[in-house]
Amino acid sequence: MMILKNSRTKCHCCLIVSKTLPTTSRLKVTTNEFVILSIDPGTTDLGWAVSKATYGTCKMEVLDMGHLKPTQVISTKPYRQEVERFGKRPISLRYIREHIEVLIQKYHPDFYVSEGCFGGQFFTAIEALIQSISTIRQLLLIKYQEPLHIISPKEIKKAASGFGGSGKGEVA
């Protein structure tokens, strides 16, 4: 999501700011620097990156990144009773919420961005993806009064490679 291959395209950070600037006043106008928490949602594997960007320069520095594998973690002994009582998905979503909250407290992002859903997936996969996004959106809204900005996969691919129909290999 963060690598630019085509300098003529709007960079990921500029795309985020241009889509969200009217809805936020937290941009540090004096320095034009801001921190973005980007999320690639999912309930089996959720990717995240924290980046520091400078608006107008298309410069972005990745501060930290990683991924969560909730289904692997909740399969361990400490979670077994809860999973038996409530099911895997609610416990996975709680695990995601707790870890996103740790990232928020550690990096204090100015913007929160998630990749949106796209067609062509199985219903259960779409449902899990929507629940993952909704969990993060609710956390941000209720606890931090911040919006989660959704960017479509095509917009991300276009910002990274210049073409919205790019494959994963052309974007990464």
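Residues numbered from 1 in each chain as written. Predicted model: local features only at pLDDT ≥ 70, side-chain atom pairs only at ≥ 80, totals over all residues. Heavy atoms only, no water.

### Concerning the overall build of the protein
Each helix and strand counted, the protein has seven helices and five strands in total. Each helix (α) and strand (β) of the protein, taken in turn from the N terminus, gives the series α-β-β-β-α-α-α-β-α-β-α-α. Put simply, the protein has 172 residues, and 41% of those count as buried. The contacts in the protein between residues at least 6 apart in sequence include a share of 60% that link residues at least 24 apart. Taken as a whole, the protein presents about 9,700 Å² of accessible surface, with 56% of it coming from carbon and sulfur. (Helix = DSSP H or I, 4+ residues; strand = E, 2+ residues; numbered from the N terminus. Buried < 20%, exposed > 50% of the residue type's maximum accessible area, 1.4 Å probe, protein only. Contact = heavy atoms within 4.5 Å. Areas by Shrake-Rupley, 256 points an atom, 1.4 Å probe, with all protein chains shown as cover.)

### Structural notes on the packing of helix α4 (residues 88-107) against helix α5 (residues 123-144)
Contact geometry of α4 with α5 gives a least axis separation of 10 Å together with a crossing angle of 45 degrees. Classified by the interaxial angle, the pair formed by α4 and α5 is oblique. Crossing handedness for the pair α4 and α5: right-handed. Here α4 contributes Arg-89, Leu-93, Ile-96, Arg-97, Ile-100, Glu-101, Ile-104 and Gln-105 to the contact with α5, which in turn contributes Thr-124, Glu-127, Ala-128, Gln-131, Ser-132, Thr-135, Ile-136, Leu-139, Leu-140, Lys-143 and Tyr-144. (Axes fitted to C-alpha atoms, helices over the stretch in contact; angles between N-to-C directions. Parallel < 35°, antiparallel > 145°, perpendicular 65-115°, else oblique. Left-handed = near helix turned anticlockwise from the far one by under 90°.)

### Examining the confidence of the model for the protein
Here the protein averages 76 in pLDDT, and 74% of its residues register 70 or above. Residue range residues 1-11 is modelled with pLDDT below 50. Its contacts to residues more than four positions away, or to other chains, number 32 contacts. (pLDDT = per-residue confidence, 0-100.)

### Topic: unusual backbone geometry
With a phi close to 50 degrees, His-108 is a non-glycine residue in the positive phi region. Its location among the elements puts His-108 in the loop between α4 and β4 (111-115). One non-glycine residue with positive phi stands out, namely Gln-145, at about 50 degrees. As for its placement among the helices and strands, Gln-145 is situated in the loop between α5 and β5 (149-151).

### With respect to the sheet that holds strand β3 (residues 59-68)
An order of β3-β2-β1-β4-β5 is seen for the five strands of this open sheet, with the pairing classed as mixed. In this open sheet, the two edge strands, each paired with only one partner strand, are β3 and β5. Pairwise comparison of adjacent strand axes, ignoring direction, gives a mean angle of 25 degrees for this sheet. In this sheet, strand β2 (residues 46-54) lies alongside strand β1 (residues 33-40) in antiparallel orientation, the contact comprising eight bridges. Paired with Val-35 across the bridge in β2 is Lys-52. (Pairing = 2+ DSSP bridges.)

### Describing the packing of aromatic side chains
All chains considered together, the criterion is met by one aromatic pair. Relative to Phe-111, the ring of Phe-34 has its centre 5.2 Å away and its plane inclined at 75 degrees; by these criteria the two rings are edge-to-face. Taken together, the residues span a long stretch of sequence, with Phe-34 in strand β1 and Phe-111 in strand β4 at a distance of 77 residues. Comparing Phe-34 with Phe-111, the two get one shared label, buried. (Phe/Tyr/Trp six-rings, centres within 6.5 Å; stacked < 30°, edge-to-face > 60°.)

### A short note on α4
An ideal rise of 1.5 Å per residue puts 28 Å on 20 residues; α4 measures up with 29 Å between its terminal C-alpha atoms. Restricting attention to buried positions, one finds in α4 the residues Ile-91, Ser-92, Leu-93, Tyr-95, Ile-96, Ile-100, Glu-101, Leu-103, Ile-104 and Tyr-107. Immediately downstream of α4, the backbone of His-108 shows phi near 50 degrees, a positive value. (Expected span 1.5 Å × (residues − 1).)

### A word on α5
If you check α5, its first and last C-alpha atoms are 31 Å apart, about what 22 residues at 1.5 Å a residue would give, namely 32 Å. Listed as buried for α5 are Ala-128, Leu-129, Ser-132, Ile-133, Thr-135, Ile-136, Leu-139 and Leu-140. Projection of α5 onto a plane perpendicular to its axis shows the buried side chains occupying an angular sector of 140 degrees, all on one side. Exposed residues lying more than 90 degrees from the buried face of α5 are Phe-123, Thr-124, Leu-141 and Ile-142. (Arc of directions from axis to C-beta.)

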